[in-house]
Amino acid sequence: MQDPSGGKTLYQRDAESVARAEKLRFFPLAATAGDGVRLRTADDREVLDMSASWGAASLGYGHPAVVEAVTRAVRGAASASTLSGANIEAVELAEHLLALTPGGADRRVWLGHSGSDANEAAARLIARATGRPRTIAFDGGYHGCTVGSMGLSAHPALDLSGEDRPFVVPWPGADGADVDAALAALDDILERHAAAIGALFLEPIQSDAGVRLAPAGFLREVQRRCSAHGVLLVSDEVKAGLGRTGWLHAFEGEGLEPDLAVFGKGLGGGLPISAVVGPADVLDVEWAYALTTTAGNPVCSAAALAVLRTLEAEGLVERAQTVGARLLSGLQASADAYDVAVEARGRGLMVALELAREDTNPARSAGAFVARCFELGLVAFYVGEHSNVVELTPPLILDDADCDRALEIMDQALGDVEHGRAAAPDPALFAGW
Ligand SMILES: Cc1ncc(COP(=O)(O)O)c(C=O)c1O
């Protein structure tokens, strides 16, 4: 039989078939299978996945609860949607999310496929319900890559020209802004434009901006000011939510009570599903106003239900706290030992290693570090307005032994980068953000 690969590697075939526009590549990862916190690569290596596919694989790969739920749902699928009929998986998921998310009695759940579509739907529904179409974002905020969700974002990697732009407030600690300056900027926007502003979108921990934690109490002040002006607060929990920070909701760690919460990524444990939880007068504002054909399909809804139940059954929110603390302190010890590292920071299993801004020396960059980690058997990517922050969002099932193995690899990779033993990746192929 003819070799269907034509003798090419999986990575080469991907380069020749799948669009670059949807790729964010750091090294030539090509996976053929996954099991728990590990991926098997096409060249038959096992690598420890400390990204979990950007947090989507919240229970790792092949978790029995997800496998069982999806298998059952796909066999007996009652429709492929919630568009023109109710199905039990979507209804149970919505009921579960309502029970898990704090808020008033009269709320609903909107279901979608990605963080991008959910943020976009939230913004459109809020605009429709309030008659106030504009939004506020934080500098560096990332809420997605559809036209609508880019229009809520202020991340420099996006091509933001031409969209309806949000009003942008500086994030304290970034580029010299402090809490007072950020709140003064917010006050100014609210005083002048509140009548046109329906909502402020925030990430409780900014992820793609560089895993930036808010100073204590800052986001509560933001919420106080927004509610004084009738501006709704939307917590984008897509990356940091559902257990990752050691709180079920990342907004809880900030003492927030958002009007709407947006979920994605880890909600589906690797399957595409997103959700907005919010007041009925927003999400019920009009029939058929924010819809997609396969939203609420039983298979993805069953996966999400399995994820939510497993978080509770396996105590994974609490685990994120304890394993996260172990990861953070080990990483800080490595950061202290090498000049190329600035600091480790994070909350729960959302952890970052910031490296020096070596714009002029690719061999000492985050790119060289993650490429070296990959050679040594670990997957992690970098983020940040200056592309120098390595983000660790491993599966929430990470155990102590694998945490320690990850720390060993990263310590070795830091030493190799520091001493010039790591090669910088070709920027034409592996440019990251
Ligand atoms: C905080 C946040 N919101 C929204 C999104 C968009 O989610 P998706 O890529 O699933 O559309 C992301 C993705 O990185 C994110 O980190």
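Residues numbered from 1 in each chain as written. Predicted model: local features only at pLDDT ≥ 70, side-chain atom pairs only at ≥ 80, totals over all residues. Heavy atoms only, no water.

Student: How should I be thinking about the site of the ligand in this particular structure?
Tutor: Taken together, 13 residues sit near the ligand, with Ser114, Gly115, Ser116, Asp236 and Lys265 positioned nearest. Measuring from an oxygen atom of the ligand, one finds a side-chain N or O atom of serine 116 at 2.5 Å. With respect to the ligand, the side chain of aspartate 236 contributes an N or O atom lying 2.7 Å from a nitrogen atom. In isolation the ligand has 390 Å² of accessible area, and contact with the protein removes 84% of it. Looking at the shell around the ligand, the element that brings in the most residues is helix α5 (residues 115–130), giving three residues. Taken together, the residues of the shell around the ligand break down into two nonpolar, six polar and five charged. (Near = heavy atom within 4 Å. Polar contact = N/O pair within 3.5 Å; in protein donor to acceptor, adjacent residues only side chain to side chain. Areas by Shrake-Rupley, 256 points an atom, 1.4 Å probe, with all protein chains shown as cover. Helix = DSSP H or I, 4+ residues; strand = E, 2+ residues; numbered from the N terminus. Nonpolar A, V, L, I, M, F, W, Y, C, P; charged D, E, K, R; others polar.)

Student: Looking at this model, I keep getting lost on the sheet that holds strand β17 (residues 389–392). Mind explaining?
Tutor: The strands making up a sheet associate through backbone hydrogen bonding, with each pair oriented either parallel or antiparallel. If you walk across this open sheet you meet the four strands as β13-β14-β17-β16, and the pairing is antiparallel. This sheet does not close on itself; its edge strands, each paired only once, are β13 (341–347) and β16 (381–383). This sheet shows a mean twist of 30° between the axes of neighbouring strands, independent of strand direction. As paired strands, β13 and strand β14 (residues 350–355) are joined by six bridges and run antiparallel to one another. When the sheet's bridge partners are listed, alanine 344 is paired in β14 with leucine 353. Running at roughly 160° to β16, helix α13 (residues 366–376) makes contact with β14, β16 and β17 of the sheet. (Pairing = 2+ DSSP bridges. Axes fitted to C-alpha atoms, helices over the stretch in contact; angles between N-to-C directions. Contact = heavy atoms within 4.5 Å.)

Student: Help me understand the environment of glutamate 286, please; the structure alone is not making it clear to me.
Tutor: With respect to the helices, strands and loops of the structure, glutamate 286 is situated in the loop between α10 (280–283) and α11 (298–313). Spatially, the C-alpha atom of glutamate 286 lies 8.7 Å from that of leucine 125, the residues being 161 residues apart in sequence. At 2.6 Å, the side chain of glutamate 286 and the side chain of arginine 128 are in polar contact.

Student: I'm lost on the packing of helix α3 (residues 64–75) against α11 in this one. Help?
Tutor: Helix-helix packing is described using two parameters, namely the angle between the two axes and the distance between the axes. As a packed pair, α3 and α11 sit with axes 8 Å apart at the nearest point and diverge in direction by 150°. Between α3 and α11, the angle is such that the two are roughly antiparallel. Judged by the sense of rotation from one axis to the other, the crossing of α3 with α11 is right-handed. Residue-level contacts link Ala65, Val66, Ala69, Val70, Ala73 and Val74 of α3 to Pro298, Val299, Ala302, Ala303, Ala306, Val307 and Thr310 of α11. A class-by-class count of the residues in the contact of α3 with α11 yields 12 nonpolar, one polar and no charged. (Parallel < 35°, antiparallel > 145°, perpendicular 65-115°, else oblique. Left-handed = near helix turned anticlockwise from the far one by under 90°.)

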